[in-house]
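Residue-level structural notes
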Amino acid sequence: MTEKNPATVAVTGGTGALGSRIATRLADHGVPQLLVGRHPDRLPELPGAQRRGPAAYADASDMRKALEGAATLILVSGHRTGRRLEEHATAVEAAIAVGVDRVLYVSLVSAAPTATYLNARDQWMTEQFLAGAGIRHTVLRAGFYTSTPAALADEDFVVSGPASTGRAAFVTHEDIAEVITAVALDEGPRSQYDGATLEITGPEALTLDEAVTRIAAATGRPYRYESETVEEAFARRWRQGMSGEQIETWISWYQAIERGEVSVVTDVVPRLTGSPATAISDAAWWPAPNTARGTR
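Anyway, here's the lowdown on the structure attached to this text. (Residues numbered from 1 in each chain as written. Predicted model: local features only at pLDDT ≥ 70, side-chain atom pairs only at ≥ 80, totals over all residues. Heavy atoms only, no water.)

On a plain count of helices and strands, the protein comes out with 10 helices and 11 strands. Over its C-alpha atoms the protein spans a radius of gyration of 19 Å, differing by no more than 12% from the 19 Å that the globule rule assigns to 296 residues. Taking the principal axes of the C-alpha coordinates as reference, the protein spans close to 55 × 40 × 35 Å. Per-residue burial over the protein gives 53% buried out of 296 residues. For the protein, the share of sequence-separated contacts (at least 6 apart) that also reach a separation of at least 24 residues comes to 76%. For the protein, the exposed surface amounts to about 12,500 Å²; the carbon and sulfur share of it is 48%. The average position of the 28 basic charges and that of the 36 acidic charges among the side chains of the protein differ by 3 Å. (Helix = DSSP H or I, 4+ residues; strand = E, 2+ residues; numbered from the N terminus. Rg over C-alpha atoms; globule rule 2.2 N^0.38 Å. Buried < 20%, exposed > 50% of the residue type's maximum accessible area, 1.4 Å probe, protein only. Contact = heavy atoms within 4.5 Å. Areas by Shrake-Rupley, 256 points an atom, 1.4 Å probe, with all protein chains shown as cover. Lys, Arg positive; Asp, Glu negative; His and termini not counted. Charge placed at Lys NZ, Arg CZ, Asp CG, Glu CD.)

In structure tokens:
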């Protein structure tokens, strides 16, 4: 086993919107990093960062090689594959095998075994695995991304789904990255966040119609929300050629909002970063329509 730098942080998901922001913020703080991914050539080039891989979560040998020398692993959840728990568990076990001291796991607000949003069930199972894995860890439950409604819009900027009256405390990628960075920097033999579950949310809970209206005002584009029944949502996506699993996952995202499961508003962002959580109107980045990929 290679002697590790106690300040070295391994970050997964660096080619994605969240992982790349986490890596950038850590680099801003001068933190040595190992950026781990299946396609290392696509990972960002940052000061003090090594690109490691190719390494997929499910490949124990490659993950051990990629994580060698890290003290902390920031595990950004992979896409839903039907075996996400097994993949996450393999990555955590690889980290333990090479002497990683702690794991910071990016989960979802409302993670629970019976959560409406199907991805939140996978996240809960990983949380339970971590609780029994015998490694220091912090669970960082992120709210629904501020950017997701824009990515879900069609070519006419219409966001359609069954979430008429429910609310969500949408949170920006930047705020999530700032919180995770603050936790990562609180290192040492013990951290005040060891064993904690932190729910990272935006500053207010909005209906999807309110959120989309604010996105339209912020971008100058004619985004609008149209409420659908579950039956209408299913039929439209089926006509678009989506698989049953894709349809089920996407519709469950809307239904989680409708049922109020992601409406909690917390003080985690201001408490850990010293700055207010970012309102939708002040978000720094908006994806193009039709670019949502499985909504995590």
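Further remarks concern helix α7 (residues 208-219). Its 12 residues give α7 an end-to-end C-alpha distance of 16 Å, which sits within 8% of 16 Å, the value for a rise of 1.5 Å per residue. Taken residue by residue, α7 has Leu 208, Ala 211, Val 212, Ile 215 and Ala 216 as its buried positions. When α7 is viewed along its axis, its buried side chains cluster within an angular range of 140° and face the same direction. If you follow the buried residues of α7, they end up packed against α5 (148-152), β7 (158-161), β10 (206-207), β11 (224-227) and α9 (244-258). (Expected span 1.5 Å × (residues − 1). Arc of directions from axis to C-beta.)

For the bond from Gly 53 to Pro 54, the omega torsion is 5°, close enough to zero to count as cis. Along the chain, Pro 54 falls in the loop between β3 (49-52) and α2 (60-67). Phi at Phe 157 is positive, roughly 70°, even though this residue is not glycine. Position of Phe 157 among the secondary structure elements: in the loop between α5 and β7. Phe 157 sits in the buried class, given a relative accessible area of 19%.

What follows concerns the sheet that holds strand β2 (residues 33-36). Strand order in the open sheet formed by seven strands is β3-β2-β1-β4-β5-β6-β9, and the pairing between neighbours is parallel. Two strands bound the open sheet, and with one partner strand each, they are β3 and β9 (197-200). The sheet shows a mean angle of 20° between the axes of neighbouring strands, taken without regard to direction. Judged from the four bridges that link them, strand β1 (residues 9-12) and β2 form a sheet pairing that is parallel. When the sheet's bridge partners are listed, Val 11 is paired in β2 with Leu 35. In this fold helix α4 (residues 118-131) packs onto β5 (102-108) and β6 (136-142), with an angle of close to 160° to the strand it touches most, β5. (Pairing = 2+ DSSP bridges. Axes fitted to C-alpha atoms, helices over the stretch in contact; angles between N-to-C directions.)

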